[in-house]
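# Architecture and fold: a report
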Amino acid sequence: MLNIVVFASGRGSNAKAIFELCEENPELISICALITNNANAGVIEHAEHFGIPTHVVPVIRRSTRKETRANHEHRITAVLESLNFNYICLAGYMRILTEEFINAYPHPNWPCSSIINIHPALLPSFKGTHGYEDAFDHGVRVAGVTTHFVSAEVDSGPIINQRYFKRYAADTLTDFKTRGLSEEHRCYRQTLMALATDTLIVNHQPFQLFMS
Ligand code: GRF
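As the structure is a prediction and not an experimental result, all values here were calculated from the model.

### A closer look at the overall build of the protein chain
For the protein chain, the helix and strand inventory stands at six helices and 11 strands. Taken over C-alpha atoms, the radius of gyration comes to 17 Å for the protein chain, in line with the 17 Å a tight globule of 212 residues would show. Summarising its shape, the C-alpha atoms of the protein chain cover approximately 45 × 45 × 35 Å along the three principal directions. Looking at the protein chain residue by residue over its 212 residues, the buried ones come to 49%. Contacts in the protein chain between residues at least 24 apart in sequence constitute 64% of all its contacts with a sequence separation of at least 6. Side chains of the protein chain give 18 positive and 21 negative charges; the mean places of these two sets differ by 6 Å.

### Examining the site of the ligand
All residues in the neighbourhood of the ligand are listed as Arg11, Gly12, Ser13, Asn14, Gly92, Ile118, Pro120, Tyr132 and Glu184. Glu184 has a polar side-chain atom sitting 2.7 Å from an oxygen atom of the ligand. For the ligand, whose free accessible area comes to 370 Å², the fraction covered by protein is 85%. The class makeup of the residues in the shell around the ligand is three nonpolar, four polar and two charged.

Cut-offs used in this document
Residues numbered from 1 in each chain as written. Predicted model: local features only at pLDDT ≥ 70, side-chain atom pairs only at ≥ 80, totals over all residues. Heavy atoms only, no water. Helix = DSSP H or I, 4+ residues; strand = E, 2+ residues; numbered from the N terminus. Rg over C-alpha atoms; globule rule 2.2 N^0.38 Å. Buried < 20%, exposed > 50% of the residue type's maximum accessible area, 1.4 Å probe, protein only. Contact = heavy atoms within 4.5 Å. Lys, Arg positive; Asp, Glu negative; His and termini not counted. Charge placed at Lys NZ, Arg CZ, Asp CG, Glu CD. Near = heavy atom within 4 Å. Polar contact = N/O pair within 3.5 Å; in protein donor to acceptor, adjacent residues only side chain to side chain. Areas by Shrake-Rupley, 256 points an atom, 1.4 Å probe, with all protein chains shown as cover. Nonpolar A, V, L, I, M, F, W, Y, C, P; charged D, E, K, R; others polar.

See the structure below:
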C-alpha cells in the first residue's frame, strides 16, 4: 500500500491526476496530505475537492529577508512527523530540497530517496525549471517527461519512468506544453501504479529501474 504526501506549489494538474488515481485505486494508494508553500496555489482547490488535508507552509519573509531553506524545511518536517507515509511525491513543487531533507527520507529497499519528482523533459536532457521551453527552443522532434527519485543533485536521481511525445512543425510552445502535460499525468500514474503493485524491474548494479 502506498501512502503518499504530495508537495505542490501551483496549478496542481499533476497532483489532481494523483488524487484521481487514488480515488480509482483506494486499495493500493492513499494520500495522507498535500503540503504547499503557496497559500494561493490552485492545487489547494483540487485537494479540497478530493477531501485531502492541506498544510500550507509558506516561506516566512521578514522585511527583505527570507527564512533559510533549512528553516522552512524544519517546519515542513514538523508537519510530516504527524503523518504516516512512505513516499513523498513532488508535483510541481517549485523549491529545491536540501540534501539534509532528502537524506532524511531514504527508500527502505533501494539506494535512493523515497521522494519522487516529475520533470518536464527526457532526463538527463534539459534539466532545470524550463524543460519544455528549452527543448522547444532547441528544436527537438521527440520530447518527453520523466519521473525520478530525488537526489541531492537537481534532476539527476534514478529514473523511474519516461514517456515521449512528438513535436510537430506547426506546434506553438503552448501546443507542445499541453501535449507534454498530458504525458506527465500518464507518467506519474504509471509510476505510482508500478510502485503500488511492486512491478518495477530493478537492476542493482548499477541501480536502475525499469517499467515492466
Ligand atoms: C509541470 O510541468 C511539472 O513538470 C513542473 O511544473 C509543472 C507543474 O504543473 N515541475 P502542475 O502544477 O502539476 O499543473
